[in-house]
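# Descriptive analysis of the structure
This is what each chain is made of:
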Amino acid sequence: MKPDSLEQKLARQQMRQVPPEWRVEVLIAARQAQNPRQPSPTARHSFFSTLNQQLATLLWPNPRAWGALATVWVVILTANMASRGDSSTATARRVAPPTPEMRELLREQEQLFAELFVQPAIERPKTSRPQPQSLHRSEYLDA
């Protein structure tokens, strides 16, 4: 046996009357929609509601992924700000300037590196540049 289709089930149901209270509410809502100058109470949204709607529209393809990415950025920026403290300047202040002996050793080291890595200038033989093609042709044309 074939089950009845939805249309057949709906055709067998009796029509009910709409309660009279609903009719009044529907007519009031229709009149308010017809007159756009009067703002309806549902048209007023709070700042956070509007912000949420705008963000949802902006992040529509995958709001959870964008939210996770924003959270990661906030964590990175927070960690960066926390690690920026005066520790770098305090460390630089604690390091003592090099002693004269250390400066002398650094100069000697620079000289040794210069001697090891300096390559003598090699003179390369000068090659003659090829002459333009037109000069070669004139030799053959004169003959």
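Residues numbered from 1 in each chain as written. Predicted model: local features only at pLDDT ≥ 70, side-chain atom pairs only at ≥ 80, totals over all residues. Heavy atoms only, no water.

What the chain contains, in helices and strands, is seven helices and zero strands. Overall, the chain shows an N-to-C arrangement of helices and strands of α-α-α-α-α-α-α. Evaluated residue by residue, the chain yields a buried proportion of 0% over its 143 residues. A total accessible area of about 15,300 Å² is found for the chain, and carbon and sulfur atoms account for 60% of it. (Helix = DSSP H or I, 4+ residues; strand = E, 2+ residues; numbered from the N terminus. Buried < 20%, exposed > 50% of the residue type's maximum accessible area, 1.4 Å probe, protein only. Areas by Shrake-Rupley, 256 points an atom, 1.4 Å probe, with all protein chains shown as cover.)

Enumeration according to the criterion identifies one salt bridge in this entry. Across the pair R107 and E104 runs a salt bridge, and its minimum N-O distance is 3.5 Å. Linking R107 with E104, this pair stays in helix α6 (residues 100–117), spanning three residues, or about one helical turn. E104 sits in the partly exposed class, given a relative accessible area of 38%. (Salt bridge = Lys/Arg side-chain N within 4 Å of Asp/Glu carboxyl O.)

Attention now moves to helix α2 (residues 20–34). Every α-helical turn comprises 3.6 residues, leaving residues that sit three or four positions apart pointing alike. For α2, with 15 residues, the first-to-last C-alpha span of 21 Å sits near the 21 Å given by 1.5 Å per residue. Buried residues are scarce in α2, accounting for zero of its 15 residues. (Expected span 1.5 Å × (residues − 1).)

Time to look at the packing of aromatic side chains. For the structure on display, the rule yields two aromatic pairs. Look at F47 and F48: their rings are 5.5 Å apart centre to centre, the planes differ by 70°, and that puts the pair in the edge-to-face class. Like F48, F47 is exposed. (Phe/Tyr/Trp six-rings, centres within 6.5 Å; stacked < 30°, edge-to-face > 60°.)

There is a patch of nonpolar side chains on the surface, built from W66, L69, V72, W73, I76 and L77 and spanning about 600 Å² of accessible area. Assignment of secondary structure puts W73 in helix α4 (residues 63–83). (Patch = residues over 30% accessible without salt bridge, like charges linked within 9 Å, V, L, I, M, F, W, Y side chains within 5 Å.)

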